Amino acid sequence: MMYERRDIPEIADEYVLGLIGASEAAEIEAEMERDAELRAAVAASRERFLPLDTTVEPAAANEALWRKIEVNLPPQAGTPSSIQFPPVNDNQTNGWRVAALSAIAASVMLAVGLVFSLTRTAEPLVIAVLVNEAGEVQAVVEDFGNENARIRLLADIEVPTDKTMQVWTLPSREMGPISLGLIDGVHSARLEGPALPSPRDSQLYEITLEQAGGSPTGRPTGPILAKGLAQRPR
Amino acid sequence: MLVDVRVNDLDKALAACAKGDRMALRSIYDREAGRLIALAERIVQRRELAEEVVQEAFIRIWTHAHQYSPDRGSAHGWIYAIVRNRALNLLRDGKREYTVEDVEALRESEQVDEIMATWQKLDRNSRLYECLAALDETKRRGILMAYVGGYSHGEIAGRLRIPLGTAKSWIRRALSALRGCMA
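No experiment lies behind these values; they were computed from the predicted model shown.

Brief notes about the layout of surface pockets
Argument step 1. Counted as a void, the second largest pocket has a volume near 460 Å³.
Argument step 2. In terms of lining, the second largest pocket is formed by 25 residues, of which the most central are Y15(A), E29(A), R46(A), R60(B) and N85(B).
Argument step 3. Of all the secondary structure elements, the ones that give two or more residues to the lining of the second largest pocket are α2 (22–34) and α3 (36–49) of chain A together with α3 (47–64) and α4 (75–92) of chain B.
Argument step 4. Here the lining of the second largest pocket takes eight residues from α4(B), the largest share from any one element.
Argument step 5. In terms of residue class, the lining of the second largest pocket is built from 12 nonpolar, five polar and eight charged.

See the structure below:
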């Protein structure tokens with residue numbers, strides 16, 4: 001977008017008042033990222049007119065509206081709910097955001113997970129419900145924290161004969177993803193992983209599709225079949 | 001200094017949102033949602049649409065919180081601008097489910113009065129109040145119709161019964177006068 005420097009205050013005002021069209025507004029927004037003077041002019045214009053908004057008689061805000069907002073919040077980049085793996089694993093796609101959004105479905109399944117965990121004698125420290133990219137529940141991991149974890153497959157996952165499913169967890173960003181073991185065939189399995197820090201809330205668990213015998217690098221290399229965050233049984 | 005403290009709180013809340021703290025977004029909602037719904041409703045003219053605007057705006061506040069920095073103005077202004085922009089976009093998309101007659105009738109009667117009342121509600125000692133007062137009636141009306149009601153140049157020209165080009169140049173001059181007055 002071309003403009004004279006001297007026109008910046010005027011452009012900023014017209015943008016703030018909403019007097020320009022949608023496409024031009026988008027151009028100005030893009031330009032604001034580059035042009036500090038334009039950014040400052042828009043900021044100054046907003047501050048000039050802001051009292052017209054802050055003196056408005058408030059409407060009654062309700063809890064239902066908040067709930068609609070809350071269920072639609074995507075996870076923030078850099079928070080435990082959207083941990084990115086190191087670059088060795090370049091199978092991250094935006095679709096996982098969608099998967100993460102299906103937390104509701106996951107929590108329903110978590111309840112199922114809790115029910116079966118309660119009927120067992122040993123108590124898992126955490127349970128993670130793993131969902132695929134479409135948000136469908138695929139498996140539940142129970143981590144007992146004593147180098148033992150159990151994975152229960154809750155869907156039929158197709159595994160080519162020369163491939164295997166490998167279960168991973170991310171105890172911390174520094175440690176990176178650690179293998180808990182392979183799932184032979186498509187059965188539920190008891191996993192005996194390495195000694196790890198005690199599993200915590202929101203720890204990431206995932207299943208990737210790896211070559212038979214497991215990932216050659218010791219890090220996930222194949223596509224993610226399902227993943228989810230741990231929760232402590234309450 | 002109450003105002004400064006509150007502005008700082010919003011700053012902190014945005015920083016916490018960027019880190020994934022939902023309670024911080026909730027605190028912004030608790031404090032500002034009522035006013036934000038009302039300001040969106042002034043533009044889109046219907047409560048359900050205003051709530052839709054605020055819902056989308058809060059999700060945008062959440063996803064863009066990391067972009068906020070003081071060189072974009074106050075956190076207060078930044079949040080309000082997101083709501084204003086969503087409301088204006090809704091108008092531009094023509095999503096209002098009114099018939100043309102409804103819009104005309106509503107805009108003619110209540111909305112213009114409401115818009116002019118906005119100026120009257122400003123603190124009488126504020127620069128904005130004084131500087132708007134210094135404009136002549138028609139120019140003041142034009143500015144308020146644009147900012148408060150989200151009117152386009154064309155709508156303003158129609159309401160003020162002046163040619164489009166005249167409306168544009170009046171508003172430009174009025175904005176320039178306001179900048180000079182408030183500097």
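A short note on the pattern of salt bridges
Argument step 1. Throughout the structure, instances matching the rule amount to 24 salt bridges over all chains.
Argument step 2. We note a salt bridge from R39(A) to D71(B), for which the minimum N-O separation is 3.0 Å. In this pair, R39(A) sits in helix α3 while D71(B) sits in the loop between α3 and α4, so the two residues belong to two different chains.
Argument step 3. Note on R39(A): relative accessible area 14%, which makes it buried.
Argument step 4. In this structure D71(B) comes out as partly exposed when scored by relative accessible area, which is 37%.
Argument step 5. Between E32(B) and R31(B) there is a salt bridge, with the nearest N and O atoms lying 3.7 Å from each other.

Regarding the interface of chain B and chain A
Argument step 1. Every contact between the two is made by 56 residues of chain B and, on the other side, 46 residues of chain A.
Argument step 2. Of the roughly 4,800 Å² buried at the junction of chain B and chain A (both faces included), carbon and sulfur atoms supply 60%.
Argument step 3. Joining chain B to chain A, the criterion identifies eight salt bridges.
Argument step 4. Among the elements of the structure, α1 (2–18), α2 (22–44), α3, α4, α5 (100–121), α7 (137–149), α8 (153–160) and α9 (164–182) of chain B are those that each provide at least two residues to the side of chain B that touches chain A.
Argument step 5. Considering every element that reaches the side of chain B that touches chain A, the biggest residue donor is α2(B), with 11 residues.
Argument step 6. For the side of chain B that touches chain A, the class distribution of residues is 30 nonpolar, 12 polar and 14 charged.

Some thoughts on helix α1 (residues 8–17) of chain A
Argument step 1. Within α1(A), eight of the 10 residues are buried, which leaves the element mostly enclosed by the surrounding structure.
Argument step 2. Turning to α1(A), its buried residues number three or more, namely I8(A), I11(A), A12(A), D13(A), E14(A), Y15(A), V16(A) and L17(A).
Argument step 3. Where α1(A) is buried, its residues touch α2 and α3 of chain A together with α4, α7, α8 and α9 of chain B.
Argument step 4. Phi for G18(A), located one or two positions after α1(A), is positive at around 80 degrees.

Overview of empty space enclosed by the protein
All names here are of chain A.
Argument step 1. Taken as a whole and judged by the stated rule, the model has four cavities of 30 Å³ or more.
Argument step 2. Taken together, 13 residues line the largest cavity, and the ones lying closest to its centre are D143, E147, L180, P194 and L196.
Argument step 3. Per-class residue counts for the lining of the largest cavity are seven nonpolar, four polar and two charged.

Here we look at the packing of α2(B) against α4(B)
The geometry of a pair of packed helices is captured by two quantities: the angle between their axes and the separation between those axes.
Residues and elements named next belong to chain B.
Argument step 1. Between α2 and α4, the shortest axis-to-axis distance is 10 Å and the interhelical angle comes to 35 degrees. Considering only the axes of α2 and α4, their crossing is right-handed. Contact with α2, carried on its side by I28, E32, R35, L36, L39, A40, I43 and V44, involves H76, I79, Y80, V83, R84, A87, L88, L90 and L91 of α4 and no other residues of that element.
Argument step 2. Tallied by class, residues from the contact of α2 with α4 come to 13 nonpolar, one polar and three charged.

A word on the environment of L204(A)
Argument step 1. For L204(A), the location among the structural elements is in strand β7 (residues 204–211).
Argument step 2. By relative accessible area, L204(A) is classed as buried at 6%.

What about the packing of aromatic side chains?
Argument step 1. For the structure shown, the criterion picks out five aromatic pairs over all chains.
Argument step 2. Ring centres of W66(A) and Y29(B) lie 5.3 Å apart, and the angle between their planes is 50 degrees; on these two criteria the pair is classed as tilted. Taken together, the residues W66(A) in helix α5 (residues 63–71) and Y29(B) in helix α2 connect one chain to another.
Argument step 3. Residue W66(A) is classed as buried on the basis of its relative accessible area of 4%.
Argument step 4. Given a relative accessible area of 3%, Y29(B) falls into the buried group.

Here we look at the sheet that holds strand β6 (residues 189–192) of chain A
Residues and elements named next belong to chain A.
Argument step 1. Strand order in this open sheet of eight strands is β5-β4-β7-β8-β1-β2-β3-β6, and the pairing throughout is antiparallel. Looking at which strands have only one partner, the edges of the open sheet turn out to be β5 (178–183) and β6. Ignoring strand direction, the axes of neighbouring strands in this sheet form an average angle of 25 degrees.
Argument step 2. Alignment of strand β4 (residues 163–170) against β5, held across five bridges, turns out to be antiparallel.

Some words on unusual backbone geometry
Argument step 1. One non-glycine residue, S202(A), lies in the positive phi region at around 70 degrees.
Argument step 2. As for its placement among the helices and strands, S202(A) is situated in the loop between β6 and β7.
Argument step 3. Unlike most non-glycine residues, Q45(B) shows phi in positive territory, near 70 degrees.
Argument step 4. Residue placement: Q45(B) occurs in the loop between α2 and α3.

How each quantity is defined
Residues numbered from 1 in each chain as written. Chains lettered and ligands numbered in written order. Predicted model: local features only at pLDDT ≥ 70, side-chain atom pairs only at ≥ 80, totals over all residues. Heavy atoms only, no water. 1 Å grid on protein atoms, 1.4 Å probe; cavity = no way out; pocket = protein on both sides within 12 Å on 5 of 7 lines; lining within 4 Å. Points joined across faces, edges and corners; volume = space filled by probe spheres on them. Helix = DSSP H or I, 4+ residues; strand = E, 2+ residues; numbered from the N terminus. Nonpolar A, V, L, I, M, F, W, Y, C, P; charged D, E, K, R; others polar. Salt bridge = Lys/Arg side-chain N within 4 Å of Asp/Glu carboxyl O. Buried < 20%, exposed > 50% of the residue type's maximum accessible area, 1.4 Å probe, protein only. Contact = heavy atoms within 4.5 Å. Buried area = accessible area lost by both parts, 1.4 Å probe. Axes fitted to C-alpha atoms, helices over the stretch in contact; angles between N-to-C directions. Left-handed = near helix turned anticlockwise from the far one by under 90°. Phe/Tyr/Trp six-rings, centres within 6.5 Å; stacked < 30°, edge-to-face > 60°. Pairing = 2+ DSSP bridges.

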